[in-house]
Amino acid sequence: MGKTCLKDIIKVAKELKVDYLKNIEKEENKELYISTDSREDFNNDKIFLAIKGEKFNGNDFALDCYNKGCRYFILSENVKMPEDAKVFYYYDTIIFFIKLAREYRRRFDIPIIAITGSCGKTTTKELTALFLSTKYKVLKTEGNLNNEIGVPKTIFNLDKTFQIAIIEAGMNHKNELLRISEAIESDLILINNIEEVHLSNLGSIKNIALAKSELFNNAKKNAIAIINKNSNQVETLIKEAKKKNLNIIEIDIKDIIKIDNQTFEYKGIIFKHNLIGDFNLNNILSALKIAEIYNTDLKECSKILINYKSPKNRMQIININECIIINDCYNSNPSALKNMINYLSKRKENKKIAVIGDMLEIEPKSEFYHREIGDLINSLNNINVVIACGNYSKYIYNGANTKLNILNNAINQNEIFIYHRLLYIKKSFESLNIVLTIHSNIDYKREYYNKLIDKFKELDDDKFNDLKIQDKILEDLGIEEIDFQKLDNLLQFDDNISTSDVIKLLKSKKDVIESMQLSPFTKRNIKKL
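Residues numbered from 1 in each chain as written. Predicted model: local features only at pLDDT ≥ 70, side-chain atom pairs only at ≥ 80, totals over all residues. Heavy atoms only, no water.

Caption draft 1: The arrangement of the sheet that holds strand S8 (residues 164-168) in detail. Taken together, the six strands give an open sheet; going across it, the order is S7-S8-S6-S9-S10-S11, and neighbouring strands pair in parallel fashion. If you trace the sheet from one side to the other, it starts and ends with strand S7 (138-140) and strand S11 (247-251), each paired once. On average, adjacent strands in this sheet sit at an angle of 15° to one another, irrespective of strand direction. Sheet topology places strand S10 (residues 224-228) next to S11; five bridges connect them, and they run parallel. Paired with Ile226 across the strands is Ile249, a residue of S11. (Pairing = 2+ DSSP bridges. Helix = DSSP H or I, 4+ residues; strand = E, 2+ residues; numbered from the N terminus. Axes fitted to C-alpha atoms, helices over the stretch in contact; angles between N-to-C directions.)

Caption draft 2: Layout of the packing of helix H1 (residues 6-15) against helix H3 (residues 93-105). The contact between H1 and H3 brings their axes to 10 Å, and the two run at 130°. One element, H1, and the other, H3, form an angle in the oblique class. Where H1 crosses over H3, the handedness of that crossing is right-handed. Here Asp8, Ile9, Lys11, Val12, Ala13 and Glu15 of H1 come into contact with H3, specifically with Phe96, Lys99, Leu100, Arg102 and Glu103. Split by residue class, the contact of H1 with H3 holds five nonpolar, no polar and six charged. (Parallel < 35°, antiparallel > 145°, perpendicular 65-115°, else oblique. Left-handed = near helix turned anticlockwise from the far one by under 90°. Contact = heavy atoms within 4.5 Å. Nonpolar A, V, L, I, M, F, W, Y, C, P; charged D, E, K, R; others polar.)

Caption draft 3: Molecular detail of helix H9 (residues 234-243). Among the residues making up H9, those that are buried are Val234, Thr236, Leu237, Ile238, Glu240 and Ala241. Buried residues along H9 sit against strand S9 (188-191), helix H8 (205-212), S10 and S11. A positive backbone phi angle near 60° is found at Asn245, which sits one or two residues after H9. (Buried < 20%, exposed > 50% of the residue type's maximum accessible area, 1.4 Å probe, protein only.)

Caption draft 4: Looking closely at the packing of helix H10 (residues 280-293) against helix H11 (residues 298-305). Where H10 meets H11, the closest approach of the two axes is 10 Å, and the angle between their N-to-C directions is 145°. Note on packing geometry: the crossing formed by H10 with H11 is right-handed. Contacts between H10 and H11 involve Ile284, Leu288, Ala291 and Glu292 on the former and, on the latter, Leu298, Cys301 and Leu305. A per-class count over the contact of H10 with H11 returns six nonpolar, no polar and one charged.

Caption draft 5: View of the packing of aromatic side chains. This structure, assessed with the given rule, holds nine aromatic pairs. Between Tyr90 and Tyr91, the aromatic rings sit 4.7 Å apart at their centres with planes inclined by 50°, giving tilted as the arrangement. Judged by its relative accessible area of 14%, Tyr90 falls in the buried class. Exposure remark for Tyr91: the relative accessible area of 63% places this residue in the exposed category. On the basis of an interplanar angle of 70° and a centroid distance of 5.1 Å, the ring pair of Phe368 and Tyr369 is categorised as edge-to-face. (Phe/Tyr/Trp six-rings, centres within 6.5 Å; stacked < 30°, edge-to-face > 60°.)

Caption draft 6: Expanded view of the sheet that holds strand S2 (residues 31-35). The mixed open sheet is built from five strands, whose spatial order is S1-S2-S3-S4-S5. Sheet topology places strand S1 (3-5) and strand S5 (86-89) at the edges, where each strand pairs with a single neighbour. Sheet twist, expressed as the mean angle between neighbouring strand axes with direction ignored, is 30°. Of the pairings in the sheet, the one linking S1 to S2 comprises three bridges and is antiparallel in character.

Caption draft 7: Inspection of H11 at higher detail. Turning to H11, its buried residues are Leu298, Cys301, Ser302 and Leu305. On an axial view of H11, the arc spanned by its buried residues comes to 100°, and they lie on one face. Among the exposed residues of H11, those oriented more than 90 degrees off its buried face are Lys299 and Lys303. Taken together, the buried residues of H11 touch helix H4 (121-132), strand S13 (263-266), strand S14 (269-272) and H10. (Arc of directions from axis to C-beta.)

Caption draft 8: Representation of the pairing of strand S4 (residues 72-75) in the model. What you see with S4 is no split at all: Tyr72 and Ile74 on one side and Phe73 and Leu75 on the other are buried throughout. Bridging between strand S3 (residues 46-49) and S4 involves three bridges; their strand directions are parallel. Bridging across to S4, Leu49 finds its partner in Ile74. Tracing the backbone out of S3, into helix H2 (residues 62-68) and back to the parallel element S4 gives a crossover that is right-handed. In this sheet, S5 lies alongside S4 in parallel orientation, the contact comprising four bridges. Counterpart to Tyr72 in the pairing with S5 is Lys86. (Right-handed = clockwise from strand over helix to strand, strands pointing away.)

Structure follows, in C-alpha cells:
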C-alpha cells in the first residue's frame, strides 16, 4: 500500500476527537506505510493499524509489531505499550482507515469510478477496466477487496502513474456503502442492478436499493450516476441520486442488438465476446457506457472484448475429460442462480448436471427461493441430474423431478461425497457429452468445489473399484443429522486421497465414528473394514 503521513493521521485524529501525544506533531511530515497484517516485517517507517474481526483481533499483536521495530500504532483497545510507542486510540479503526484513505485519495486529481449492484459487480468492473485500458492506465479493485477494509487498501495502491481508478464496492448491511463512499469520493457511480440479496440483513428489496444508493454520498461535484433502467427499484435509485444532485444517466438493454449468443451490435459497431448467458449483456453495456463517458474509442473496445475471460469462480468454463464445467461458485443468490439454470438448460449437450449449494442471507424467504429453484428445474425438464448440497437442498429436491435423481439426501457439502456421485453419473451416462454447472455461495466451502473440479480430471475406471460400499458409507455419513464439521474432521480430505486412503481413515477414526449417529449399514461395513 502507499504511504500516509503523520499530518493526515493527526488531521483524522482531530476530526474523530482522538487523544494523542502532542509532541508527535513535530514529526507531521513523516511518511509511513500502513500495515494491517502483524505478520509483516516492521520498522520505523510503518504504522500498524489493528483491525478487530470475528476471528481475530489485531490489537492482540500490537506488541509483536513493536518488538519487530514498529513505533506507530492505530489501536481500538487500550493495549499497554512501551513509552516510546506513538499510539492513536479509537474505538473503530476501520473508520480511521477509511478517513485516511480519503485523505490519500485527495492527493490524486484523477476520476474514480465506483461500481456496485446485487449481481455482476466483478464482471462489470473487469470489463470496465478492460475497455478503459485501451486509453488510460487503470487502477482497479483486485480479487474481493470490495468491503470497508478492501476499498481503503485499493485506494492506497494509487500512485502518480495511474490516470483513472475503478473501485468495486460491496455490502451486506445498512451504512456500509455510506462509510465506503467517504474513502472513494466518486466521480461516477454505477448501480448495475438491484435483486433480493442480503434480505436477512436488510428486510426488503427497497431497503436493498436504499443501501446500494448510499454510494451516492460523498461524490464529487457534477458526479454522474449510471442506473440500469431494466433493474428493480429504478425509481428509488433515481430519487436518491437526485437528492445528491448527481447527473443521472439511464442505460437500457434495448440499446444492444443481439445477433447471436456471442455477437451483438452497439452504436453501429459489431462486438464479439466469450461470456455466457444473455444476462452478461447488461454487464457489457454498463462497462461500454462508462467507456463512452471517458471518451474511449468503442472500436478499440470491440477489438479487445473478444480476449476477455471470466475470473475464477465466476461463470468460468473449464473443459475436462469430455465434460464442460461451468464454475460459478461465488456469492449465489436467486437471480444469479436462475440465470445459470436457464443458461444450462439452453445448452446443446446431451446430459446436464447442476451442482447447487445453499443461497445465503435471504432469510426469511430461504425456503421459498430454494423451492423456486426446484420448480424452475422441473419446468425446464431437460436437466438430468441435480446435486443439491446444504441445509436447504431438500426444498430444491421437492421441486426438481429430474430424470436421473441419484441424490435424495445430499445434505453436506463435502467434496468426497459429491465426487463419488459424479463417478456414478459418469458410469450411468453412455455418452460423455456432459455439461456440469457448479453454483455455491459459502466462502469457507468454496475450496471444496475447486477440489471437486480437480478430482473430476482424475476420473477413470480404476477408481470405480470398491466404490459401491464406500459410496454407501459416505452417503450414510451425509444424512442430515451429521454436521459438516464432524464429517470434515472425520475424512480430513487432501489432494492425494484415494479410496483406500478413505478406508484407512475410517478405520483410524474409530472413536469419532462410534460417537456419531450412524446407520446399522455403515456400522457393519466399518467393522468389516
